[in-house]
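What the coordinates show
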Amino acid sequence: MTTVFHIFSSIILVYFFLLNSLYLFFIILSAFGLNRYKHINAFINFKEIFQMPLVKPISIIAPAYNEENSIVESARSLLSLEYPQYEVIVVNDGSKDKTLQKLIKAFDLKKTKWVFRKSVDTKPIKGIYKSLSNPKLIVIDKINGKKADALNAGLNISHYPLFCGIDGDSILEKAALLKMVRPFLEDPERTVAAGGILKLSNGSEVRTGQVTKVRVPRNWLARFQILEYLRAFLGGRLGLSMLRSSLIVSGAFGLFRKDIALKCGGYRAETIGEDIDLVVRMRKYLHEQRISYRIAYIPDPICWTEAPETLKSLANQRIRWHQGLIETITYSKKMLFNPRYGITGLFAMPFYLIFEMVGPLIEATGYTLFAAMFFTGNINHPFALFFFLLAVVFGSLLSILSVLLGEHSSRQYPRMSYVFIITLFSFLENIFYRQFISVIRTKAFFDIFRGKQEWGAMKKKGFSIANQKQ
Amino acid sequence: METSLIITAYSLIFLILLSISLFLYIIVRRIVLKYNKKRFMRRYQSIEKDILRLITFPQLELSAEIARKYQSYPNVLTKVLFDYIEQIEGLGKDQLKKVFDYALKLKCLKDIYSRRFIRRLKATHLFVVFSEPSEAVHIMRLLNDKPLVRLVAVNALSRIRTSQAISYIFQAFERDPPSNARTYINILFGLGQNIEHFVRMYIMKPLPLEKLGLLIELTGAVPLRSLYQDIIVFADHPDKEIRIKVARAVGKMHIPHSYETLERLSQDDAWVVRAQAVKSLGKLKDHRALDILTDALFSPFWHVRYNAGYSLASMGLPGLKRLKAIAKQKKDPYASDMATMVMDEIVYSEGMEWARS
């Protein structure tokens, strides 16, 4: 029994060491990437794009499900972006609340007899509306079919060669499209997608569809998520993208080439992790066709989104994300360790499998093993205590490093007190939050085996209401 | 005490110290940055005051004096000059260039020849704004640099606008891989009619298809109407992408006798070429195209029908009458639906504006 415990604990220790070393490596890479981005963009005037004749127009597709509180504000924010030519397609995905009615009233929408080319299958469309007050806005009303289905409906209606999938509740910086489109201008043949950094809008002040004052939220769960987002976007994804291995272009804001996305069949309607799934299938297609490609990453905070503030909605969100990851990895398992798919098959996919997908399971096993060893007396108490503290401090160190990266990016939290709060939460995070997230993500495995899949839309406060409470 | 325990304990102490140091670094960095920002703003305001004086009362001596006074603060001076130079024209702009020449040019030139990529890139960006025709020789050297620096250099050359500078740009365009070609077109577009002679010359060269296509597209985007005869010879090109570009360019040129070319392209074997030709016919607003557009509305290809619908709408009343008739007929429901949609859009939204454009 003791030998079995030792073997398991050794595996977990090696895993712990590898995982943290990789994250540390990504953070170091990110620091270089961030520094390079800042210098390269010195003296660049993004508005020069307005004078260029060959800038590709963009279709923004924003699926909305029960978002009556924030949809009007979000649509206004999207319609006020700076870009030479774009359209905004809001897809009301069978909302049970007054999402559509609010849009009709706010933008003077009229039902049209729109004829469109069905490039990808979707649930039936009940109506297509155009705004009399703003010609850039199109609203699709359709039967509920999850986010991927809604995005496909938007793809069918869209006119332009680039499309940007965003969440209905996302707030984009005014220059977001100008910044995101740059890789498509610099390397138009190879660039197939571009993603950016997401920041949390919880607690911040939003006026006329723009984040005007950046603040740390009062809600503890949202504070933990600030650290997670910093780690994920500035540490992990930027580092991975420098290794050309990032599989995720966030569903909250990503820009794609429509022709490539359509050649891959658009979004896979059955999946709930539509963002990672599309990127993986695009990579698969491009490798199989031997087309040289590039997925760009813009280390600039250009999109703001609202994080869940209750344990239940947080759990739903994380289960959904993890189920999406499991589905995508298992769906594209052919790519794993397959040299035909280059770095995607040999590094990116295995990394996501071993450290992102299986990670929570191993972490939860570690906690269980620790408890079992403790109760059977197979534990070296001082070592266990030191090791636990080591894990906490190392986790915090990675978070503090991400905070430091955040300090180098623009739109940081302005007050000094915020740095204290975030640093304090980087320690607290390792004592309760991390374990909670691990358990929740482990639950995603069981749910998927039982065939349980939930859209689990989170209850949003809406930006305007969030402001009033500040 | 066990070795593993000792290692773990030391690791723990090391990590705690590292975390504390990082935290302190963040705090100190913030304080220093805040102080630097204040100092920067103070200097910025002081330089700005003098620059405004210089713009209001342009004097050569004053430029030299400002340059002497602030050359030890190159970053702040660069920022002020950069902020103002894009906003003004004429004598004031010349004065700002003089300040740059006196205070920053030497450093900038040194940086252009630097071994560090970022330093070279930044210096080239500055040259985009402050360069003079006589300085093209420095920028030319950068045309053999990394793609990013090369593109910035081409951008700088495009501002010089001399025949020699444009010739350098076209040479670089010919030499660069096709993946960069689109960026060149964006830069060349800004040069307007000045590029006509060069486009005529390069369009005849054996360029890769991507580059040829982009040059044809450029003739329509500027537009370079005198090159009409030169580009219509490509209407029979075996590559359909080139034929699409010809149809698009001709549509943008608004030349009355281009009808025959577009009519021919509207019968092309490739439906994508037909779709573009139909769209361009709509822009031409030639009533001889009514029958072609009516036929195109019954095409089995969605994009051809779609463009034909809007092109008919752009023909004014005769086009609208055709649309109305097609909407009523029951033989082809797809054509009927498309015609209904176009008319619907004209009534409710900006359809007419689209058609006009």
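See the structure printed just above.
Moving on: the pattern of salt bridges. All names here are of chain A. Within the structure shown, the criterion is met by 36 salt bridges over all chains. The shortest N-O distance in the salt bridge between K147 and D167 comes to 2.5 Å. Placement of K147 in helix α4 (residues 146-157) and of D167 in the loop between β6 (162-166) and β7 (171-172) is noted, with a sequence separation of 20 residues between them. Via salt bridges that share partners, R268, E270, D277 and R281 belong to a single interconnected network.

We now examine the packing of helix α1 (residues 2-40) of chain A against helix α11 (residues 359-375) of chain A. All names here are of chain A. Closest axis-to-axis distance for the α1/α11 pair is 10 Å, and the angle between their directions is 140°. In this view, α1 runs oblique relative to α11, as classed from their interaxial angle. Relative to α11, the crossing made by α1 is left-handed. Across the interface between the two elements, F5, F8, S9, I12 and Y15 of α1 pack against G359, I362, T365, G366, L369, A372 and M373 of α11. Tallied by class, residues from the contact of α1 with α11 come to 8 nonpolar, 4 polar and no charged.

Our focus in this paragraph is helix α10 (residues 181-189) of chain B. Structural remark: α-helix, 3.6 residues per turn; residues separated by three or four positions point the same way. Most of α10 of chain B sits out of view: 8 of its 9 residues are buried. Regarding α10 of chain B, the residues found buried are A181, R182, T183, Y184, I185, N186, I187 and L188 of chain B.

Reports often express the size of an interface as the amount of accessible area lost when the parts come together. Listed as interface residues are 52 residues of chain B and, on the opposing side, 53 residues of chain A. Three residues stand out in chain B for area buried against chain A, namely R30, R182 and N186 of chain B, and they jointly supply 14% of the buried area on that side. Our enumeration of links across chain B and chain A arrives at 1 salt bridge. R30 of chain B is the salt-bridge partner of E407 of chain A, the closest N and O atoms lying 2.7 Å from each other. Counting every contact that joins chain B to chain A gives 5 residue pairs in polar contact (both at pLDDT 80 or more). At the level of secondary structure, the elements contributing two or more residues to the side of chain B that touches chain A comprise α1 (3-56), α3 (74-85), α6 (117-130), α8 (147-160), α10, α12 (209-221), α18 (302-314) and α20 (333-348) of chain B.

Basis of the calculations
Each chain carries its own residue numbering, running from 1 in the direction its sequence is written. Written order determines the labels here, with chains lettered from A and ligands numbered from 1. Restriction of local features to residues with pLDDT of at least 70 applies here, the model being predicted, together with a cutoff of 80 or more for giving and counting side-chain atom pairs; totals for whole chains, interfaces and linings are based on all residues. Side-chain measures were taken over the full set of non-hydrogen atoms in the model, leaving aside hydrogen atoms and water. A carboxyl oxygen of Asp or Glu within 4 Å of a side-chain nitrogen of Lys or Arg is what we treat as a salt bridge. Only DSSP runs of H or I with at least four residues qualify as helices, and only runs of E with at least two residues qualify as strands; both kinds are numbered from the N terminus onward. Only C-alpha atoms enter the line fits that serve as axes; for helices the fit covers just the stretch in contact. Angles between N-to-C directions range over 0 to 180 degrees. In what follows, roughly perpendicular refers to angles from 65 to 115 degrees, roughly parallel to angles under 35, roughly antiparallel to angles over 145, and oblique to any angle outside these ranges. Crossing chirality is assigned from the near helix's rotation relative to the far helix, an anticlockwise turn below a right angle marking it left-handed and a clockwise turn marking it right-handed. The contact definition used throughout considers only heavy atoms, calling two residues in contact when any of these lie within 4.5 Å. Only Asp, Glu, Lys and Arg are considered charged in this grouping, and only Ala, Val, Leu, Ile, Met, Phe, Trp, Tyr, Cys and Pro are considered nonpolar; every other residue, Gly among them, is considered polar. Think of it in three bands: residues with accessible area under 20% of the maximum for their type are buried, residues over 50% are exposed, and the middle band is partly exposed, with areas taken using a 1.4 Å probe on protein chains only. As a working definition, buried area equals the accessible area (1.4 Å probe) given up by two parts on being put together, with both sides summed. Here a polar contact is recorded for every N or O atom pair within 3.5 Å, except that within protein the pair must consist of a potential hydrogen donor and a potential acceptor, and residues adjacent in sequence are included only if both atoms are side-chain atoms.

Note that every value here comes from positions in space, so none of it alone points to a role or purpose.
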